[in-house]
Amino acid sequence: MDDSVARERGGFPARAFWLGVFGVTAAFSLFCLGVEYTPDSLHYLSVARGLLSGSGLSGTLLAVDTAMPRPLDLWPPLFPMAWAALLWLGPDAAVVTLHLLCFAVLAAALFSMAPDGQGARYIWTCAVLIVLYRPFGHVAAAAWSEPLCVALLALALAREVRGADSAGRSFLVGALLGLAVLTRYAALFVLPGLLLWRFVRAREAGGPRRHVVHALALGAGLGLVVAPWFVRNVVLFGRAMGPPRAPRGAGLLSSLLSGVETLLGEASFGAFGVLCVAATVWLLMPTLRGVRGERSPDASLERLRPAALMAVSYVAGLFWTATRTQMDTLDGRLLAPLGVGLVPVTAAVLVSLVERSRLMSPQVLIITGVVVVAGHLWAPLHARVRQPRLGLQHLRERVAPLPAWVEAHVTERDLLLGPQLWWVHPFSRAPVVADGYPERGFLTRQTLGAYLLRHGAAYERFFWFDTRPPPVDAAVFEAVEVARLETNAYWSTVWSTVWEIRPVGRASPVDGREAVPAP
């Protein structure tokens, strides 16, 4: 596209902008052809349904230590609230719609950061890199909160890069960052990078007082958004971010090696990861010298320095947390927010290097980008065509015939217990005890009987799903086999039989079968 004749919108070609947004959204629709549900996804769905039913931010999955609907504790609230707002479309359609909107916003925000003079070249390069950044595709294919988080982070970064230098702009950046934190707590890791950027700007401008005021405005915007939720968590759990996680014994070196392997390996396919890291370091070198008062030699890329600092700050926060608490492996989910900083930096550096080298024409770059993107998208498209994932329907088929049995024999006055029953929860009218997930205890011989004695009066019947009878005291409970399940090879090792647990002396008709002695 000829930038001289293109209609400009905010400093970059409007046609390239909208075509890029459409292209990125269409590409990610391939990843969203089937929605994958994980235990995290099902807990989000439980809370979303709880919101619509009037029970507030509480899921219908029960914890081992309570018979009440479990309050949202380990996760922030914004994603289940957004999911609940779209549930009228159905769970699967709601997730797909939300994800595609998020990636459209992500693309628009990153495109708006185009350095002066790069125009359409930056937009097309950035669009290609958004699609190629594998963690984005990884989180797009599941009912997770990361797409919403990266969209909000991108909006905050775009406002930081493009907005007028004022306290109001800083307050808005802080508010957007606060919304990202209320989607994924890990978004808080970018805050030190933003504050460092303001320190660098203050040194360069020679007037630190104004930048201190702006930093305070950013903190005020962030605090105003997250304070109500953090106060609620302190009241309920004694900690701002919910119940504490188990400590981790891994050291800094172990976490560093794990993260580097993930970033440069499976999550971002090696060469692309190296390219992103190299571009970020190249851009940050003048910034680090700027702390001593020097200026960046490439003024056209100066505006993207906060993106690079945010990326470095986020990675440092991940490694620091991994050394202190038990957390997920540094995989594509945790690295998705990192792309908000890496992708625009890498796109701008690539365009700048190509323009200086003059070795590749625009036509060659366009052909190369189309071929690389087409090759990258072939894998998920081929996988969806061969084995489409159909969201909740696919999950129902995986755990069949358990959902059908539950729908036919269980009422809302019953209680379901057993291992991994969170997979059955979406199809059950009855409450389900979340045995062992996440980090809230297991139903053992020591805990199951005590749980039933304490909370049993609230339910008519208790059903236990397992391969073995429930671990209860035979003097207090009797276990009656009511059904045998013919599941697939995997689930037959998890559930093969249904028992009803009856307190001794409590009448309950159970298909006329004999009681099975409790172990």
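The rules behind each value
- Residues numbered from 1 in each chain as written.
- Predicted model: local features only at pLDDT ≥ 70, side-chain atom pairs only at ≥ 80, totals over all residues.
- Heavy atoms only, no water.
- Helix = DSSP H or I, 4+ residues; strand = E, 2+ residues; numbered from the N terminus.
- Buried < 20%, exposed > 50% of the residue type's maximum accessible area, 1.4 Å probe, protein only.
- Phe/Tyr/Trp six-rings, centres within 6.5 Å; stacked < 30°, edge-to-face > 60°.
- Salt bridge = Lys/Arg side-chain N within 4 Å of Asp/Glu carboxyl O.
- Axes fitted to C-alpha atoms, helices over the stretch in contact; angles between N-to-C directions.
- Parallel < 35°, antiparallel > 145°, perpendicular 65-115°, else oblique.
- Contact = heavy atoms within 4.5 Å.
- Nonpolar A, V, L, I, M, F, W, Y, C, P; charged D, E, K, R; others polar.
- pLDDT = per-residue confidence, 0-100.
- Arc of directions from axis to C-beta.
- Disulfide = S-S within 2.5 Å.
- Left-handed = near helix turned anticlockwise from the far one by under 90°.
- Patch = residues over 30% accessible without salt bridge, like charges linked within 9 Å, V, L, I, M, F, W, Y side chains within 5 Å.
- Areas by Shrake-Rupley, 256 points an atom, 1.4 Å probe, with all protein chains shown as cover.
- Pairing = 2+ DSSP bridges.
- Expected span 1.5 Å × (residues − 1).

**Q** Would you explain the overall build of the protein in this entry?
**A** Within the protein, the regular secondary structure consists of 19 helices and 10 strands. Within the protein, the proportion of its 519 residues that are buried is 53%.

**Q** Looking at this structure, how should I read the packing of aromatic side chains?
**A** Any pair of aromatic rings gets described here by the distance separating the centres and the angle formed by the planes. Counted under the stated rule, the structure contains 15 aromatic pairs. Centroid distance Tyr133 to Phe136: 4.9 Å. Interplanar angle 65°. Geometry classified as edge-to-face. As far as burial versus exposure is concerned, Tyr133 and Phe136 are alike and both buried. Through successive ring pairs, a cluster of aromatic residues spans Tyr37, Tyr44, Trp75, Phe79 and Trp83.

**Q** Would you explain the pattern of salt bridges in this entry?
**A** Going through the model one piece at a time under the given rule, you end up with 11 salt bridges. Between Glu160 and Arg198 there is a salt bridge, with its nearest N and O atoms 2.7 Å apart. Of this pair, Glu160 sits in helix H7 (residues 146-162) while Arg198 is found in helix H9 (residues 191-205), placing the two residues 38 residues apart along the sequence. Arg198 carries the same exposure label as Glu160, and that label is buried. The residue Glu412 makes a salt bridge to Arg413 at a minimum N-O spacing of 3.8 Å. A residue is classified by how much of its surface remains accessible, and Glu412, at 46% relative accessible area, is partly exposed. Overall, Arg413 belongs to the partly exposed group, its relative accessible area being 41%.

**Q** Whenever I open this one, the packing of H7 against helix H8 (residues 167-181) confuses me. Can you help?
**A** The description of two packed helices rests on the angle between their axes and on the distance between the axes. Two elements in contact, H7 and H8, have axes whose closest approach is 8 Å; the angle formed by their N-to-C orientations is 170°. Between H7 and H8, the interaxial angle falls into the category roughly antiparallel. Facing H7, whose interface residues are Cys149, Leu152, Leu153, Leu155, Ala156, Arg159 and Glu160, H8 presents Arg169, Leu172, Val173, Leu176, Leu177, Leu179 and Ala180. Its residues placed into classes, the contact of H7 with H8 shows 11 nonpolar, no polar and three charged.

**Q** Any chance you could explain the confidence of the model for the protein here in plain terms?
**A** Low pLDDT means the predicted atomic positions in that stretch should not be read closely. Considering every residue of the protein, the mean pLDDT works out to 78; 72% of them sit at 70 or more. Taken as a whole, residues 509-519 scores under 50 in pLDDT and shows 29 contacts with residues more than four places along the chain or in a different chain.

**Q** I would appreciate a short explanation of helix H18 (residues 402-409) in the present structure.
**A** For H18, the complete set of buried residues consists of Leu402, Pro403, Trp405 and Val406. Within H18, the buried residues cover an arc of 165° as seen down the axis, which keeps them to one side. Next to the buried residues of H18 lie helix H17 (392-398), strand E5 (415-417), strand E7 (462-466), strand E8 (477-484) and strand E9 (497-503).

**Q** Before we go on, may I ask you to explain the environment of Ala404 in this structure?
**A** Within the secondary structure layout, Ala404 lies in helix H18. Placed 23 residues apart in sequence, Ala404 and Phe427 show a C-alpha to C-alpha distance of 8.3 Å.

**Q** Please explain the state of the cysteines as it appears in this structure.
**A** A covalent bond bridging the sulfur atoms of two cysteines is what the word disulfide describes. Considering all chains together, one arrives at zero disulfides under this definition. Here Cys149 stays free of any disulfide, with the sulfur of Cys102 as its closest cysteine sulfur at 9.8 Å.

**Q** Is there a simple way to think about the environment of Glu486 in this case?
**A** Structurally, Glu486 can be placed in the loop between E8 and E9. Separated by 86 residues in sequence, Glu486 and Ala400 have C-alpha atoms that sit 8.3 Å apart.

**Q** How should I be thinking about the packing of helix H3 (residues 78-86) against helix H4 (residues 91-111) in this particular structure?
**A** Close contact between H3 and H4 brings their axes to 9 Å; oriented N to C, the two are set at 120°. As for how H3 packs across H4, the hand of that crossing is right-handed. Contacts between H3 and H4 pair Phe79, Ala82, Trp83 and Leu86 from the former with Pro91, Ala94, Val95, Thr97, Leu98 and His99 from the latter. Of the residues assigned to the contact of H3 with H4, the class counts are eight nonpolar, two polar and no charged.

**Q** Could you clarify how one ought to interpret a nonpolar patch on the surface in this entry?
**A** On the surface, Val231, Val235 and Leu236 cluster together into a nonpolar patch covering about 300 Å² of accessible area. Its location among the elements puts Val231 in helix H10 (residues 208-237).

**Q** Sorry if this is basic, but what is going on with the pairing of E7 here?
**A** Two faces, one strand: in a regular strand the side chains alternate between the faces of the sheet. Within E7, five of the five residues are buried, which leaves it mostly tucked inside the rest of the structure. Here E7 shows a buried face lined by Phe462, Trp464 and Asp466 and a second buried face lined by Phe463 and Phe465. Bridge count between E5 and E7: three bridges; the pairing is parallel. By the bridge assignment, Leu415 is partnered in E7 with Phe462. In this sheet, E9 lies alongside E7 in antiparallel orientation, the contact comprising five bridges. The residue bridging Phe463 from the neighbouring strand is Glu500, located in E9.

**Q** Looking at this model, I keep getting lost on the pairing of E9. Mind explaining?
**A** With respect to burial, E9 is a largely interior element, seven of its seven residues being buried. Two strands pair when backbone bridges link them, and E8 and E9 are joined in this way by seven bridges, in the antiparallel orientation. Bridge pairing links Arg484 to Thr497 in E9.

**Q** Where do I start with the side chain of Glu146 in this structure?
**A** Mapped onto the fold, Glu146 is located in helix H7. By relative accessible area, which is 1% here, Glu146 ends up buried. The contact partners of Glu146, leaving out residues within four places of it in the chain, are Val139, Arg184 and Arg333.

**Q** When you look at helix H5 (residues 119-132) in this model, what are you seeing that I'm missing?
**A** In an α-helix, one turn spans 3.6 residues; hence positions three or four apart end up facing the same way. Between the first and last C-alpha of H5 there are 20 Å, a value that for 14 residues agrees with the 20 Å anticipated at 1.5 Å per step. Counted residue by residue, H5 has 10 buried out of 14 residues, so it is predominantly covered. When H5 is considered as a whole, its buried residues turn out to be Gly119, Ala120, Tyr122, Ile123, Cys126, Ala127, Leu129, Ile130, Val131 and Leu132.

**Q** Where do I start with unusual backbone geometry in this structure?
**A** In terms of backbone geometry, most residues other than glycine have negative phi values and most peptide bonds are trans. A cis amide bond, omega 5°, links Ala400 with the succeeding residue Pro401. Although it is not a glycine, Gln420 adopts a positive phi angle of roughly 60°. Here Gln420 lies in the loop between E5 and strand E6 (432-433).

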